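# Observations on the three-dimensional arrangement
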Amino acid sequence: MRVIWAYGATDPETETSVEQHVKRGTKSVILLEPPVDRDSLPHDVQSFSLLNKAVRLPKQETYYWCQMYKTPALKEKKKHHVVKFGPLLQRTSRGIVHHMVVFACYGQLADAFHGMGYPCYTDQEPAELASCQHAVATWGIGGGDFYFPDNVGFPIGGDGDPTFFRLETHYNNPTLREDIVDNSGITFWYTGTPREMEAGILGVGYEVSRMLIVPPKVDAYLITGVCHPRCTEQAVPEHGIHVFANMLHTHLLGRKVRVRQFRNGTELDTLGRDEHFDFNYQQVRLAAAESTIHQGDTLLVECEYDSSERENVTFGGIDTKNEMCMAWLYYYPKSEFASCGSAIHPIKSVRALKAIDIDK
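Notes on the structure in this doc start here. (Residues numbered from 1 in each chain as written. Predicted model: local features only at pLDDT ≥ 70, side-chain atom pairs only at ≥ 80, totals over all residues. Heavy atoms only, no water.)

## Quick word on the layout of surface pockets
Summary: where empty space remains is shown by rolling a probe the size of a single water molecule over the atoms. Here is the rule we go by: Points on a 1 Å grid over protein atoms alone make up a cavity when a 1.4 Å probe fits among them but cannot get out, and a pocket when they form an open set with protein on both sides within 12 Å along at least five of seven lines; lining residues each have an atom within 4 Å of a point. Grid points are joined across faces, edges and corners, and a volume is the space filled by probe spheres set on the points. Runs of E in the DSSP output that reach at least two residues are strands. Runs of H or I that reach at least four are helices, and both are numbered from the N terminus. Three categories are distinguished: nonpolar for Ala, Val, Leu, Ile, Met, Phe, Trp, Tyr, Cys and Pro, charged for Asp, Glu, Lys and Arg, and polar for the others, with Gly belonging to the last.
Approximately 680 Å³ is the volume attributed to the second largest pocket. Looking at the lining of the second largest pocket, the elements that each hand over two or more residues are β5 (62-70), β7 (97-105), β9 (134-140), β12 (164-172), β16 (200-206), β26 (325-332) and β27 (339-342). Tallying contributions element by element places β16 first for the lining of the second largest pocket, with six residues. Here the residues of the lining of the second largest pocket sort into 20 nonpolar, nine polar and four charged.

In structure tokens form, the structure reads like this:
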């Protein structure tokens, strides 16, 4: 729901003496969001921030920047748990920073990577960083802090935990401003008292590629990404994983997003749903009730698009005017299951578009 608000500088003295409101705006909210006890952080909580380092935005609408950090040295050399994270936005970058994702890197990396920054998804990315694919925090424009459930945390500082982090920032700059130098990032709050369960994030949906195709002049076009039962059969632990939160994601044309779950041909409750998707309000949402994904389950991510005002075909991709169809599912216990999705075969895409006669 989008709330329109306005207020004045002083209280009215009578019912008819209301002055013109000098402060006004809009804000997207989720009225049915489960309540969160924001005062329940552990007594020993500490924090660290992963910030971009003076990133000067070029004169282009879409820009992705990756910043590397060595895992901070903790006071005690033992396992800790992250229990909360949230955005730290530079005031002049608000509305320009569209979303941020923190990925974990495991294993040994050279200290020289600490502090390195580079444009994401380009040939400037070092090959050694290709394995940094496990998302550990996601934030989207309009969103706020996220608190893990009381029994769940993300592990850092112990054996086998991340050695480096990579912060990926999507800048959306439609007015092509050249005066932005950004230092935004993500802050993590952590405790030295590990919780019962360790969290992971599973990315599901349609592969980010030009094989995602939305025709123009359609007010309700459906794209579906599939996590096949053969994948969950191999990747999900024996006793399943428990989904406790989600973040849904499309770009400008997205109107509805659903994450559906099937087991032995029977549909279960959705793992995430937004029937009024707002590109400018992408929040990690705590589930009202946990759901369990078992081996052999099928997951479908359905995205409905409105391209009625587009004159040309819209393709999938990382640019703001391209499209995506995906969801991040927060779950426990942590496993190696990091992503699962699908895409149409390129030849079938060509046939669907009737772009060429491939039989000749």
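## Brief notes about the state of the cysteines
Using the following cut-off: Defined by distance alone, a disulfide is two cysteine sulfur atoms within 2.5 Å. Relative accessibility decides the category of a residue: with a 1.4 Å probe and only protein chains considered, values under 20% of the type maximum give buried, values over 50% give exposed, and everything between is partly exposed.
Taken as a whole and assessed by the stated rule, the structure comprises four disulfides. Covalently, cysteine 105 is tied to cysteine 132 through a disulfide, its sulfur atoms 2.1 Å apart. Linking cysteine 105 and cysteine 132, the disulfide has an S-S dihedral of approximately 115° and is accordingly described as right-handed. Taken together, the residues cysteine 105 in strand β7 and cysteine 132 in the loop between β8 (117-119) and β9 connect sequence positions 27 residues apart. Residue cysteine 105 is classed as buried on the basis of its relative accessible area of 0%. Accessibility expressed as a relative area gives 0% for cysteine 132, which makes it buried. At a sulfur-sulfur separation of 2.1 Å, the disulfide partner of cysteine 303 is cysteine 325. Given an S-S torsion of about 90°, the disulfide between cysteine 303 and cysteine 325 has right-handed geometry. One end of the pair, cysteine 303, is in strand β24 (residues 298-305); the other, cysteine 325, is in strand β26, with 22 residues separating them in the sequence. Take cysteine 303 and cysteine 325: they sit in the same class, and that class is buried. Sequence-ordered numbering of the bonded cysteines in the protein chain yields a pairing of 1-3, 2-4, 5-8, 6-7.

## A short note on empty space enclosed by the protein
Scanning the model with the defined rule gives four cavities of 30 Å³ or more in all. One number sums up the size of the largest cavity: a volume of about 60 Å³. Mapped onto the lining of the largest cavity, the elements with two or more residues apiece are β9 and β16. Sort the elements by how many residues they give to the lining of the largest cavity and β9 lands first, with three residues. Of the residues contributing to the lining of the largest cavity, the split by class is eight nonpolar, three polar and two charged.

## A word on the sheet that holds strand β19 (residues 241-249)
Defined as follows: Each pair of strands is called paired provided DSSP finds at least two bridges between the two strands. Axis definition: a line fit to C-alpha positions, over the contact stretch in the case of helices; interaxial angles, taken between N-to-C directions, run 0 to 180 degrees.
Spatial ordering of the open sheet is given by β23-β19-β26-β16-β27, a layout of five strands whose pairing is mixed. Edge positions in the sheet fall to β23 (285-293) and β27, since each of these pairs with one other strand and no more. Neighbour to neighbour, the strand axes of the sheet diverge by 25° on average, direction disregarded. Inspection of the sheet shows β19 paired to β23 by five bridges, in the antiparallel sense. Along β23, the bridge assignment pairs isoleucine 241 with isoleucine 293.

## Side note on the pattern of salt bridges
Any two side chains of opposite charge can pair, given that their charged atoms come close. Let me state the cut-off plainly: The salt bridge definition used is simple: a Lys or Arg side-chain nitrogen within 4 Å of an Asp or Glu carboxyl oxygen.
A full pass over the atoms with the stated rule returns 17 salt bridges. Measuring nitrogen to oxygen at the nearest pair gives 3.5 Å for the salt bridge that ties glutamate 198 to lysine 79. With glutamate 198 in strand β15 (residues 197-198) and lysine 79 in the loop between β5 and β6 (80-88), this pair connects stretches of sequence that are 119 residues apart. Since its relative accessible area comes to 25%, lysine 79 is described here as partly exposed. With a shortest N-O distance of 2.8 Å, glutamate 267 and arginine 260 are connected by a salt bridge. A single salt-bridge network, built from bridges that share partners, covers Lys256, Arg258, Arg260, Glu267, Arg273, Glu275 and Glu302.

None of the figures reported here should be taken as evidence of function without further support.
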